[in-house]
Every structure is written in structure tokens, then in C-alpha cells.
Number of protein chains: 2
Amino acid sequence: MSRLPDIPDLAQRIRSGDRRALARAITLVESGRPDHRAAALDLLDALGTEKQALRIGLSGTPGVGKSTFIESFGLKLAQAGLRVAVLAVDPSSVRSGGSILGDKTRMDRLTRHPGAFIRPSPSQSLLGGVARRSREAVALCEAAGFDVVLVETVGVGQSETIVAQMTDLFVLLLAPAGGDELQGVKRGIMESADLILVNKADGDLLPAARRTCSDYAGALRLLRKRPQDPDGFPQAMTVSALEEDGLDGAWEAMQTLVAWRRDAGVWDETRAGQARYWFDEEVQAQLLEEIRRDPEIARAMTQAREAVASGRQRPAPAAAAVLQGFRDRHG
Amino acid sequence: MSRLPDIPDLAQRIRSGDRRALARAITLVESGRPDHRAAALDLLDALGTEKQALRIGLSGTPGVGKSTFIESFGLKLAQAGLRVAVLAVDPSSVRSGGSILGDKTRMDRLTRHPGAFIRPSPSQSLLGGVARRSREAVALCEAAGFDVVLVETVGVGQSETIVAQMTDLFVLLLAPAGGDELQGVKRGIMESADLILVNKADGDLLPAARRTCSDYAGALRLLRKRPQDPDGFPQAMTVSALEEDGLDGAWEAMQTLVAWRRDAGVWDETRAGQARYWFDEEVQAQLLEEIRRDPEIARAMTQAREAVASGRQRPAPAAAAVLQGFRDRHG
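Basis of the calculations
- Residues numbered from 1 in each chain as written.
- Chains lettered and ligands numbered in written order.
- Predicted model: local features only at pLDDT ≥ 70, side-chain atom pairs only at ≥ 80, totals over all residues.
- Heavy atoms only, no water.
- Least-squares fit on C-alpha atoms with pLDDT ≥ 70 in both.
- Pairing = 2+ DSSP bridges.
- Helix = DSSP H or I, 4+ residues; strand = E, 2+ residues; numbered from the N terminus.
- Axes fitted to C-alpha atoms, helices over the stretch in contact; angles between N-to-C directions.
- Contact = heavy atoms within 4.5 Å.
- Buried area = accessible area lost by both parts, 1.4 Å probe.
- Salt bridge = Lys/Arg side-chain N within 4 Å of Asp/Glu carboxyl O.
- Polar contact = N/O pair within 3.5 Å; in protein donor to acceptor, adjacent residues only side chain to side chain.
- Nonpolar A, V, L, I, M, F, W, Y, C, P; charged D, E, K, R; others polar.
- Phe/Tyr/Trp six-rings, centres within 6.5 Å; stacked < 30°, edge-to-face > 60°.
- Buried < 20%, exposed > 50% of the residue type's maximum accessible area, 1.4 Å probe, protein only.
- Lys NZ or Arg CZ within 6 Å of the ring centre and 35° of its normal.

Draft legend 1. Up close: the relation of the copies chain A and chain B. The operation relating chain A to chain B is a screw motion whose rotation component is 180 degrees, with 0.0 Å of axial translation and a residual RMSD of 0.1 Å. Here the copies are linked by what is in effect a two-fold axis. It is Ala219(A) whose C-alpha, among those of chain A, lies nearest the rotation axis, at 2.5 Å.

Below, the structure is given as C-alpha cells:
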């Protein structure tokens with residue numbers, strides 16, 4: 001995308017539900033080019049912040065059947081008349097083995113549904129950039145009038161934290177585990193889960209799925225009840241994406257949680273808190289971008305970081321020295 | 001402390017094990033005064049980074065018997081000839097009901113032991129400041145030649161994350177729980193625990209303690225094994241701080257973990273990673289301090305944050321506007 005789009009026209013087409021326009025807008029917010037960045041901010045500004053979708057974060061390691069689940073669950077919502085967007089947050093395509101959602105053919109029925117929009121993750125990216133881009137892609141989908149935005153992550157590194165900070169509820173998808181595979185959940189993920197779904201509860205795996213489900217239900221009971229949860233949440237349930245079994249129950253559980261949070265005012269509080277969080281993150285990110293724009297300062301930061309890592313310097317004075325160097329050059 | 005100390009003299013006295021000098025140095029790093037800050041950095045610089053203590057993070061909600069545990073465990077180490085420093089990280093003295101470790105009389109035997117040093121948490125503080133101060137207090141204790149630095153936190157908000165980022169191993173202290181009290185662990189804490197100790201495993205509570213211990217042992221098995229852990233870790237065990245029972249076993253488990261991590265090179269990697277983390281945090285914190293020093297910018301940030309929270313503005317453009325305002329005033 002070299003030519004800059006006509007922002008009011010693009011905004012209009014996004015609002016009217018033009019999926020190609022939405023795709024182009026997401027490419028715009030994903031771009032690193034300063035002029036694209038400026039255009040992206042103008043576009044977001046033009047689109048406003050009125051429309052809200054239900055943002056669902058979905059995390060699960062490769063092999064739990066995430067694509068099958070998204071296909072079945074997304075189709076169920078789409079067939080119920082809801083417009084569903086699926087985005088992927090993948091901070092480290094390398095580690096997680098290629099862009100997730102990359103193989104859209106694995107969800108071709110959902111892809112072909114007129115009420116659905118699927119956006120694979122960009123091939124490579126840095127965490128900070130991923131957060132901003134994904135957040136803005138979600139905002140674009142909301143402005144485009146989608147009812148549900150499903151944000152998928154493989155839960156590598158901090159990605160589930162990022163996704164939890166930009167979604168209204170967080171679903172952890174698991175596969176049935178045998179005794180040896182019990183240590184399946186990446187630390188940190190269970191913390192943010194509102195709903196744990198043990199997939200593949202079908203055929204031979206059904207007993208293992210039930211056992212895994214009750215194991216995690218037990219573990220969840222050991223965690224303090226969060227103020228934003230009604231009784232019984234976080235919840236663990238079994239589903240079979242393959243046989244489209246338990247998906248209604250999962251959707252009902254999400255609806256229950258959402259209704260409770262809206263009534264309790266937790267929904268708005270949470271979104272406000274997330275917005276404050278992202279504002280502070282943006283201020284810090286933009287400050288860092290600014291000082292890193294100076295290649296000598298960027299080099300100084302890298303050197304200082306390693307001097308600190310090796311114990312030759314302490315964090316505070318090393319940071320102070322780098323910033324002083326910036327002032328001397330730009331004061 | 002109005003008069004500034006003679007840094008080389010203070011450093012010398014700290015190295016020689018003068019506890020009053022150490023206490024004064026910690027007051028210095030805790031001070032918000034710019035001249036104190038500068039002196040603190042000079043002092044840390046003068047002390048160097050050669051000596052290393054075993055840094056143990058200890059988290060537990062009020063009522064689990066943290067003071068009793070620190071007294072018994074700390075005494076056991078001190079009586080074994082180890083020099084033990086105890087620091088407290090308490091980001092919100094208000095919420096957690098007063099400065100922790102404030103009542104040193106609850107650990108008077110440890111307080112009176114010549115090999116021990118106990119430092120209550122400052123009465124009030126902001127999280128960012130707490131992190132820096134605590135980190136530097138730990139560094140001072142290491143320079144003072146302590147073998148073990150116990151960093152206590154009540155695990156309010158992010159404090160356990162902060163403590164985990166500045167310690168070599170993290171211990172979670174729990175009390176025996178009945179069926180209704182099961183949801184005892186604040187989310188996030190179990191994630192960082194290397195060792196879960198269920199205290200009060202004595203008298204009538206012994207059966208409940210054993211049950212709680214096996215519950216958490218089960219929950220830990222559901223989490224993926226971390227690369228920095230040998231087999232069997234994280235571990236859950238019962239202790240009785242009151243009857244000084246199980247403390248040897250807990251210390252042995254810590255020694256096993258530390259030995260494994262040193263051999264595997266994980267120890268150095270972890271410390272290097274923590275140092276990089278704190279360097280980046282310092283750069284961001286100092287950048288923010290700088291722009292907040294301008295009261296109008298501080299006001300603009302508060303206003304922008306709330307505009308973003310209410311949905312009137314988006315994070316990125318709001319942050320950009322604030323920073324532009326700073327440039328216009330200081331460019």
C-alpha cells in the first residue's frame with residue numbers, strides 16, 4: 001500500500017461494512033511507515049469510539065484445536081446472525097511456528113460466511129508494536145459494526161497478557177491431558193482466564209477431557225475469587241469443536257459473565273482501566289521511540305543494557321547516563 | 001537526614017558490616033530529595049556489584065503467620081552462621097493495613113541477633129518508587145555482605161511481580177484452608193512461586209494443612225514445567241513456623257533449587273534478565289519523571305488519561321498530543 005487512502009471515504013466504507021476496506025485499514029495500522037501511521041490515527045479519529053463489540057480473547061497452545069474451535073464457534077455465532085471478526089496476536093511467529101490463522105483454509109466455512117471477517121497475524125513483529133496494532137485492529141472491527149471480535153493468541157511470552165488487556169473476557173482452550181502431559185498451561189495464562197474450555201471432548205478422549213476439566217476446575221477453586229466475577233466463575237467446561245458439542249453452553253457462560261459484568265458496572269470499569277493502561281503504555285512507547293530514533297542513543301541503550309546485564313553498571317545510573325546523552329545531543 | 005553523608009566513609013562502614021550505616025544508606029535510597037538521590041547513586045557506585053546474596057522473595061497474605069515464619073526461618077539461618085537481611089516491599093501500606101514488618105517486636109529474637117538486619121517498609125510510597133528503592137536496598141544488603149536477603153511482600157497488586165523480578169527464588173506462604181476459604185491465593189502469585197509453604201501445620205490445623213498442601217501440589221502439576229526448574233519444582237510443602245517444624249526441609253528445597261539453577265546457568269541468566277528488565281524500567285521511569293516535572297504536562301497527562309478512559313480519545317493520539325505539548329514547551 002504505497003498510495004495513501006482517502007480517509008473520509010475509507011471510514012465511510014468501513015462503517016458500511018465493506019470488508020475489503022476494513023482489511024486495507026488494518027494494513028494501514030499495521031504499517032511502520034510514519035505517513036501510514038499518521039493516516040491510521042486520522043482514520044481511527046474519523047471512525048470515533050461509539051460502537052462496541054464483545055471482545056473475546058482466546059488462548060491455546062498449538063494442537064488444542066484452536067482453528068477448529070474458531071471455525072465451529074464463529075460459525076455458530078454467524079449463523080445466529082452475529083457479525084464475527086477474528087484477529088490474531090502473535091508476538092513471535094518464529095517461536096510459535098509461523099503466522100497463526102495463516103492457513104485460513106482450515107476455517108474455510110467461516111471464511112466464506114458473509115457475516116465473518118478473518119485476519120491472519122502479520123508475519124513478524126515486536127511486542128509493543130503488536131499490542132498497538134492489535135488494539136487498533138480491534139477498534140477498526142468495532143467501528144465496522146462487528147458484534148463479536150475474537151482475538152486469538154498462542155500465548156507465547158506476554159501475548160496473553162496483552163490480549164487480556166484489550167478484551168472483555170478471556171477464554172483458555174485446552175486439550176485433554178494424560179498424566180504425563182499434565183503441566184500443560186503456560187504460567188500466567190490461567191490467571192487471566194474467565195473460561196477454561198477443554199476441547200476434544202469426543203470419542204476416545206472424552207474421559208480424559210472430563211478428567212482434565214475437573215482438574216482445572218479444582219485448580220481454579222484455589223484462586224481467590226476476582227471482584228469482577230459472579231459466583232461460579234472462572235468456569236471450566238468441556239467442548240468438542242469437531243462435533244460442535246458444548247459450544248452453546250460455552251456461549252451461554254460468556255453471555256452470563258458479560259451480563260453480570262454490565263449490570264455490576266464492571267464492564268465499563270474494566271474498559272476504562274484498560275484504556276488508562278494503554279494510554280500510559282503509549283506515552284512510554286512513544287517516548288522510547290523518540291529517543292531510539294537517534295541511532296547513537298539506540299546504540300547507547302543497547303550497550304548500557306548489556307553493561308547492566310553483566311553487572312558492570314546499575315540500572316538507575318545507566319539509564320540516567322543514556323538519557324543525559326540524549327539531552328546533550330538534542331537539548 | 002538533612003546533612004549529606006560522606007560517601008566513601010559510608011561505603012566503607014557498610015562493607016565492614018556496620019548495620020547503622022546500612023540503615024542510613026537505605027534511608028538515603030528511600031529519599032525523594034534530588035541531592036539524596038544523587039548521593040545514593042554515588043554510594044551504590046562506590047559499593048560496586050561484586051558481592052551476591054541469595055535473594056528470597058516471600059509473599060503471603062496477612063494472617064498466614066509471615067512474621068512468625070520470618071522470625072523462625074531467619075533465626076535458623078542466623079544460628080547456622082548466615083547473615084540474614086529482611087526487607088519489606090509494600091506498595092500500598094494503606095490497603096494492606098500499615099507498614100509491614102512495622103512491628104519488629106513480633107520478631108524480637110531475630111531483631112536482636114547480631115547476624116540479622118530487619119528493615120520495615122517505608123510508610124507510604126508509589127509502586128515505581130517502591131521497585132527502585134527496594135532493588136537498591138537489596139543491593140546495599142548484598143554489598144554489606146549478607147548471605148541471604150529475604151524480601152517480604154503482602155502480595156498486594158503488582159508487588160509480588162516486582163519482588164519476583166528482584167529475587168532469585170520466590171516463596172509463597174499459605175495458611176491451611178477450609179472448604180470455604182479455598183480461593184485463597186491472589187491470582188498471579190502462584191505463577192511466580194518456586195516453593196509453596198503451607199504454614200501452621202501443627203495441632204488441630206495439621207490435617208487441614210496437609211490437605212491444602214496436596215491441593216496446591218495438584219494445582220502446580222497443572223502448570224507447565226518452567227525451563228528454570230529441576231524436576232519436582234515448583235514444590236508445595238507444609239511447615240510450622242510456631243514449632244519450627246519443616247523449616248530445614250524448606251531450606252534444603254531452596255538450596256536444591258539454587259544449586260540446580262547455578263549449575264544450569266539459569267541463575268546468571270535470570271539475574272541478567274532481571275537487570276535488563278530494570279534498566280528498561282528505569283529508562284521509562286526517568287523519562288516519565290522528566291516530563292511530569294512540568295506541572296502543566298502532568299495535568300495534561302491526567303486529563304488525557306481520563307479522556308481516554310471515558311472513550312473520548314484513543315490512547316495513541318492522546319499520548320502523541322501530550323508529548324507534542326511537552327516538545328512545544330521545552331523544544
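After that view of the structure, there is still more to cover.
Draft legend 2. The sheet that holds strand β2 (residues 84–89) of chain B, seen in detail. All names here are of chain B. The sheet built from 7 strands is open, its strands ordered β3-β2-β4-β1-β5-β6-β7 with parallel pairing. Every other strand in the sheet has two partners, leaving β3 (116–119) and β7 (235–238) as the edge strands with one partner each. On average, each strand axis in the sheet is inclined to that of its neighbour by 20 degrees, with strand direction left out of account. With 4 bridges joining them, β2 and β3 adopt parallel strand pairing. Among the inter-strand pairings, Leu-87 is bridged to a residue of β3, identified as Arg-119.

Draft legend 3. Just the interface of chain A and chain B, in detail. The interface of chain A with chain B comprises 61 residues on the first partner and 61 residues on the second. A buried area of about 5700 Å², summed over both sides, lies between chain A and chain B, and 61% of it is on carbon and sulfur atoms. Summed over the shared surface of chain A and chain B, the result is 6 salt bridges. Of the charged contacts, one joins Arg276(A) and Glu306(B) as a salt bridge, the two residues approaching to 2.9 Å between their closest N and O atoms. Put simply, chain A and chain B have 18 residue pairs in polar contact (both at pLDDT 80 or more) between them. When grouped by side-chain class, the residues that make up the side of chain A that touches chain B number 33 nonpolar, 9 polar and 19 charged.

Draft legend 4. The arrangement of unusual backbone geometry in detail. Residue and element names in this part refer to chain A. Of the consecutive residues Phe-233 and Pro-234, the connecting peptide bond is found in the cis state with omega at -10 degrees. In this fold, Pro-234 is placed in the loop between α9 (206–221) and β7 (235–238). Although it is not a glycine, Glu-244 sits at a positive phi angle of roughly 50 degrees. Relative to the helices and strands, Glu-244 is located in the loop between β7 and α10 (247–263).

Draft legend 5. Structural detail: the packing of aromatic side chains. Counted according to the given criterion, the structure contains 8 aromatic pairs over all chains. Aromatic side chains Tyr277(A) and Trp278(A) sit 4.9 Å apart centroid to centroid with 80 degrees between the ring planes, which places their arrangement in the edge-to-face category. In this structure Tyr277(A) comes out as partly exposed when scored by relative accessible area, which is 31%. Over the face of the ring belonging to Phe146(A) we find Arg83(A), whose NZ or CZ atom lies 4.2 Å from the ring centre. Taking NZ or CZ as reference, Arg262(B) lies 3.9 Å from the ring centre of Trp267(B), over its face.

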